[in-house]
2 protein chains.
Amino acid sequence: MELYHLRTFVTVAEEGHLTRASERLFTSQPAVSAHIKALEEELGVPLFDRTPRGMQLTAAGKQLLTGARQTLAAASAFQQQARGLQDELIGTVRIGLNTDARFLRLIALQSAVAEAHPQVSLELMAGYTGANLPALRAGKLDASFISGEMDDPAIRSWILCEEELAVAAPTAWRERLAAPDVPMLAEQPWVFTTEDCSHYGVMRALFESHCCSPRKAVLAHQEDALAAMVEGGIGLGIMRLDVVEAGEREGRLHRVPMPLPSVSLRIACLAQREGDPLIQAVLGSLGQVWGVDIVERSAASA
Amino acid sequence: MELYHLRTFVTVAEEGHLTRASERLFTSQPAVSAHIKALEEELGVPLFDRTPRGMQLTAAGKQLLTGARQTLAAASAFQQQARGLQDELIGTVRIGLNTDARFLRLIALQSAVAEAHPQVSLELMAGYTGANLPALRAGKLDASFISGEMDDPAIRSWILCEEELAVAAPTAWRERLAAPDVPMLAEQPWVFTTEDCSHYGVMRALFESHCCSPRKAVLAHQEDALAAMVEGGIGLGIMRLDVVEAGEREGRLHRVPMPLPSVSLRIACLAQREGDPLIQAVLGSLGQVWGVDIVERSAASA
DNA sequence: GAGGCGCCATCAGGATTTCCGATGGCCCGC
DNA sequence: GCGGGCCATCGGAAATCCTGATGGCGCCTC
């Protein structure tokens, strides 16, 4: 039995599905199947029941899951402690993005990290808030930008800034939306985001406070797609104020005069990895880039 | 990084020597060297200083040793918990011996284990008390017969019986040793055992109580060798009473009339493995074979 | 009832990793 | 200066792991 068996066990347990687990583990479905088979044979215990709908933990599998996680956690803590002992920090930090690189000041971040820790590299992975959180939890990301509230105790986050939001409309709708009220906006078609996006929550809150619901014309997973839909006249959408203003200046969008609350842009990581020197390195550089006091863990964990 | 890297790390740390570590790990010296190299590269931390006399832990290596042991302990506990969940116990138990198979009732033990746990096999490894304890600590043995006192808290042991001991002499020395006192015995040549053998302690205690020391004619590592030396007229030796009496009946030995304290024959295992179902299986069978109440761990650990 | 889809297990072949025997380099002791 | 002990490296072999393809089974829909 090796650690990769345990990683596979835990991932399959969480996904309940070999193919999805293989994607998370960056390997193939037959490889994952073989890992589980080998582990079950070595332990002499069936860990999963195979069903047409996927893999279901057996009672024994459920009981063993905690021990598997503890073993992986101990190994992770060992590696983390080793990083704290490196003469010079070495490693790669995978960061999930949720909006455009310029807004996230990624060039400045890259420079700050490269200067402070020459042997640390960043791996920037496109995504959105709703995808980044599960990826964080799954260990696929080391840190991630997210927007909105965060109340999961397993996730630690720090506010970088407040994102001002605005309602964007196609320029052709300028006159009929000169002074709209909320019910009127609800009558318009909307470009939705996924429900796990903070912008969706803001939109929902807007209409719920006036007891009405917006009409969904289309759903866009990415901000670029949403912007394209709005510019193309498909419907209204919620976007960052600076993006809407830039679009308005360039004649591509119209900013609807409707005040919206802001959402917090945050950087997040797993609480248990907060003390990891690699995470600390990135948090330190982010604090520097955004002029924010990101409270660092004491060196006691080192 | 996988568990075998950590096992190698810990073993090399304990041995301070790649070749000895490779023997304990049942692999080759180049393989062990490669494990350490790979681990150091992955962690970005030198774990050992290479010296002409062997491998010496660096400061970082010393700090990381605990974490490595914890990870291995967690993995071991996981496997142990899995064994407790097996429908039928499966596995191999490596038992260190320290005297002859007949005295240790190994045939009865084998039968008892086979009956109670058909899929558990025993692997009986010749040895002696002094070799068995380090082998236990090193994970090379799962359980071990040992003789004498045991005060290491990391080792758990149960008394099976008291070994009566006697002083054996060559038959030709019968008359001159008809009624010897201790100083007289000290004047004779002796066949020593290794210092980590319980018989050695008994011999030492005998003479120290009379402020004298025995003369060492030869040192024998194994009981067979010691018996051969005594029978061959090389010197006196301490042996089990039943063996001396059998030798006397067969005209091969003379029992010197000198009372000795007995030593306890014990079965031992690592304290942390006491709850292991495989260990429990063997302890249960030993209790049955020796008619001894070996207090078993509650099922709470299962 | 049949066909298609989803899911896991297996297979054969290729790729990668690991191991091993041989050997070299360095240091130390005689 | 030489021999021995110890670790690192090398080349080749062995073992392990992965992958694409495919099959079997169950379920769902038509």
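Residues numbered from 1 in each chain as written. Chains lettered and ligands numbered in written order. Predicted model: local features only at pLDDT ≥ 70, side-chain atom pairs only at ≥ 80, totals over all residues. Heavy atoms only, no water.

Here the focus is the relation of the copies chain B and chain A. Of the transformation superimposing chain B on chain A, the axial component is 0.3 Å and the angular component is 180 degrees, with the fit at an RMSD of 0.2 Å. In the structure described here, the two chain copies are related by an operation that fits a two-fold rotation axis. (Least-squares fit on C-alpha atoms with pLDDT ≥ 70 in both.)

Before going further, it helps to spend a moment on the nonpolar core. Ranked by internal contacts, the top residues of the largest apolar core, which has 52 residues, are Phe9(A), Phe48(A), Leu64(A) and Phe9(B). The greatest single-element share of this core, amounting to nine residues, is contributed by helix α4 (residues 59–85) of chain B. Filtering out sequence-adjacent residues up to four positions away, Phe9(B) remains in contact with Phe78(A), Ile36(B), Leu39(B), Leu47(B), Phe48(B), Leu57(B), Gly61(B), Leu64(B), Leu65(B) and Ala68(B). Counting 29 residues, the second-largest nonpolar core is a separate cluster that includes Val93(B), Val113(B), Phe145(B) and Leu286(B). (Core = buried A, V, L, I, M, F, W, Y, C linked by side-chain atoms within 4.5 Å. Buried < 20%, exposed > 50% of the residue type's maximum accessible area, 1.4 Å probe, protein only. Helix = DSSP H or I, 4+ residues; strand = E, 2+ residues; numbered from the N terminus. Contact = heavy atoms within 4.5 Å.)

For the rest of this paragraph, the subject is the interface of chain B and chain A. Between chain B and chain A, the contact holds 27 residues from the first and 27 residues from the second. Run the count over chain B and chain A and you get two salt bridges. Between Glu2(A) and Arg7(B) there is a salt bridge whose closest N-O contact spans 3.9 Å. Viewed at the interface, chain A and chain B are joined by 13 residue pairs in polar contact (both at pLDDT 80 or more). When residues of the side of chain B that touches chain A are traced back to their parent elements, those giving at least two are α1 (3–15), α3 (29–43) and α4 of chain B. (Salt bridge = Lys/Arg side-chain N within 4 Å of Asp/Glu carboxyl O. Polar contact = N/O pair within 3.5 Å; in protein donor to acceptor, adjacent residues only side chain to side chain.)

Near DNA strand C there are 19 residues, and of these Ser33(A), Arg50(A), Tyr4(B), Ser28(B) and His35(B) occur at the shortest range. The sugar-phosphate backbone supplies 79% of the atoms of DNA strand C found within 4 Å of the protein. Met55(A) is positioned such that a nitrogen or oxygen atom in its backbone is 3.5 Å from a phosphate oxygen of DNA strand C. In the model, a phosphate oxygen of DNA strand C is placed 2.3 Å from a nitrogen or oxygen of the Tyr4(B) side chain. (Near = heavy atom within 4 Å.)

Residues and elements named next belong to chain A. For helix α5 (residues 106–116), every residue scored as buried is listed here: Leu106, Leu109, Ala112 and Val113. Seen from one end, α5 has its buried residues packed into an arc of 125 degrees, which puts them on one side. Facing away from the buried side of α5 by over 90 degrees, the exposed positions are Ile107 and Glu115. On its buried face, α5 sits against β3 (91–96), β4 (120–125), β5 (143–147) and α11 (277–290). (Arc of directions from axis to C-beta.)

Within the structure, DNA strand D sits among 20 residues, and Tyr4(A), Ser28(A), His35(A), Ser33(B) and Arg50(B) are positioned closest to it. Expressed as a percentage, the sugar and phosphate content of the atoms of DNA strand D within 4 Å of the protein is 79%. One of the side-chain nitrogen or oxygen atoms of Gln29(B) is found 3.1 Å away from a base nitrogen of DNA strand D. Looking at the surface near DNA strand D, the elements with two or more residues in it are α3 (29–43) of chain A together with α2 (18–24), α3 and β2 (54–57) of chain B.

Let us look at α1(B). Residues and elements named next belong to chain B. With 13 residues, α1 should reach 18 Å at 1.5 Å per residue; the first-to-last C-alpha distance of 18 Å fits that figure. Listed in full, the buried residues belonging to α1 are Leu3, His5, Leu6, Thr8, Phe9, Val10, Thr11, Val12 and Glu15. Taken from the residues just after α1, Gly16 is the one with a positive phi, measuring 70 degrees. (Expected span 1.5 Å × (residues − 1).)

Below, the discussion takes up the domain arrangement of chain A. Each domain of chain A was delimited in the assignment, giving domain 1 (3–84), domain 2 (86–161 + 264–301) and domain 3 (165–261). Domain 1 of chain A and domain 3 of chain A are separated by 43 Å when their C-alpha centres are compared. (Domains from an automatic or database assignment.)

With that out of the way, let us pick up the packing of α1(B) against α3(B). Residue and element names in this part refer to chain B. Contact pair α1 / α3: the axes reach a minimum separation of 9 Å and the direction vectors enclose 110 degrees. By the criterion of interaxial angle, the relationship of α1 to α3 is roughly perpendicular. Contact residues: α1 offers Tyr4, His5, Thr8, Phe9 and Val12, while α3 offers Val32, His35, Ile36, Ala38 and Leu39. Class assignment of the residues belonging to the contact of α1 with α3 gives a composition of seven nonpolar, three polar and no charged. (Axes fitted to C-alpha atoms, helices over the stretch in contact; angles between N-to-C directions. Parallel < 35°, antiparallel > 145°, perpendicular 65-115°, else oblique. Nonpolar A, V, L, I, M, F, W, Y, C, P; charged D, E, K, R; others polar.)

Right, let's talk about the sheet that holds β4(A) for a bit. Residues and elements named next belong to chain A. Strand order across the open sheet formed by five strands is β4-β3-β5-β12-β6, with mixed pairing between neighbours. Because the sheet does not close on itself, it has two edges, and the strands there are β4 and β6 (155–163). Strand-to-strand twist across the sheet, computed as the mean angle between neighbouring axes with direction ignored, equals 25 degrees. The pairing of β5 with strand β12 (residues 263–270) spans four bridges and is antiparallel. Residue Ser147 lies in a different strand from β12, and its bridge partner there is Leu265. Together, β3, β5, β6 and β12 form the strand contacts of helix α6 (residues 129–137), whose direction differs from that of β5 by roughly 145 degrees. Strands β3, β4, β5, β6 and β12 of the sheet are contacted by α11, whose axis makes an angle of about 55 degrees with β3. (Pairing = 2+ DSSP bridges.)

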